[in-house]
Amino acid sequence: MAGFGGAVKLTGESEYKRALKQINQTLKETTADLKLVTAQYTNNDKSIASLTAKENALNKQYETQAKKVSLIKSQYAELSAQYEKNKANHDSLTKSLETETQKLKDIEAESGKTSKEYQSQAQVVSKLSSDLAKSSSNIEQNETALSKMRVELTNSTTSMVKISRSEERFSRNAETDL
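1. Remarks on the overall build of the protein chain
- The helix and strand inventory of the protein chain stands at three helices and zero strands.
- Element order for the protein chain, N to C, with α for helix and β for strand: α-α-α.
- When each of the 178 residues of the protein chain is scored for burial, the buried share is 31%.
- Across the protein chain, the fraction of contacts at a sequence separation of at least 24, relative to all contacts at a separation of at least 6, is 83%.
- Accessible area for the protein chain stands at about 11,300 Å²; split by element, carbon and sulfur atoms hold 50% of it.

Laid out in structure tokens, this is it:
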């Protein structure tokens, strides 16, 4: 039963965090660009240059946010699949521990706690218990990471919808102002 490992970690999380950090930085830059355009065209400037600059800034911000949502969705799907595999391994480890613990009880009833067979089986149970504790800790960490990712996905999608609405309002207002 020593073939079961206790470490069940999600892979790819560091790459995801790095990519997300880059996208968030780009979003900060596009937000700053939009603020600059707004500052440059104060007093409700309705010129074509002003409107074009604002529209371009909003489009860039939307595209960047869409990339972020796409990244989070794909990473979430990947991590969810990995989590399910890890959870299945954890469940299998739990069943193995139950089986090996029952064997230990049976050996104790037959041979007593001082027998070599009991001592050997006790080591197997101890190892499985340790592996299961590590697995449980990793499962909890994985669940927390997936939960945070779901929140990030929801927030990013909400931002994308808000940007889209801003673009629609901007386009309507620009058409009526020209």
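2. Describing the pattern of salt bridges
- Scanning the entire structure with this criterion turns up five salt bridges.
- Its salt-bridge partner being Glu108, residue Lys113 comes within 3.9 Å of it at the nearest N-O pair.
- For Lys113, a relative accessible area of 48% gives the class partly exposed.
- The residue Asp131 makes a salt bridge to Lys127 at a minimum N-O spacing of 2.9 Å. Highlighted residues: Asp131 and Lys127, both in helix 3 (residues 116-177), separated by four residues, approximately one helical turn.

3. What about the nonpolar core?
- Tyr16, Leu20, Leu71, Ile72 and Met149 are the most contacted members of the largest nonpolar core, which has 14 residues in total.
- Among the elements of the structure, helix 1 (13-40), helix 2 (48-111) and helix 3 are those that each provide at least two residues to this core.
- The residues contacting Tyr16, other than those within four sequence positions of it, are Leu71, Ile72, Gln75, Met149 and Glu152.
- Leu97, Leu104, Tyr118 and Val125 belong to the second largest nonpolar core, which has eight residues in total.

4. A closer look at the environment of Ser164
- Looking at where Ser164 falls in the secondary structure, it is placed in helix 3.
- Sequence separation between Ser164 and Asn59 is 105 residues; the distance between their C-alpha atoms is 8.6 Å.

5. Topic: the confidence of the model for the protein chain
- Residues with a pLDDT of 70 or more make up 82% of the protein chain, whose mean pLDDT is 82.
- Throughout residues 1-9 the model reports pLDDT below 50, and contacts reaching past four residues in sequence, or to other chains, amount to 25 contacts.

Here is what the cut-offs are and how they apply
- Residues numbered from 1 in each chain as written.
- Predicted model: local features only at pLDDT ≥ 70, side-chain atom pairs only at ≥ 80, totals over all residues.
- Heavy atoms only, no water.
- Helix = DSSP H or I, 4+ residues; strand = E, 2+ residues; numbered from the N terminus.
- Buried < 20%, exposed > 50% of the residue type's maximum accessible area, 1.4 Å probe, protein only.
- Contact = heavy atoms within 4.5 Å.
- Areas by Shrake-Rupley, 256 points an atom, 1.4 Å probe, with all protein chains shown as cover.
- Salt bridge = Lys/Arg side-chain N within 4 Å of Asp/Glu carboxyl O.
- Core = buried A, V, L, I, M, F, W, Y, C linked by side-chain atoms within 4.5 Å.
- pLDDT = per-residue confidence, 0-100.

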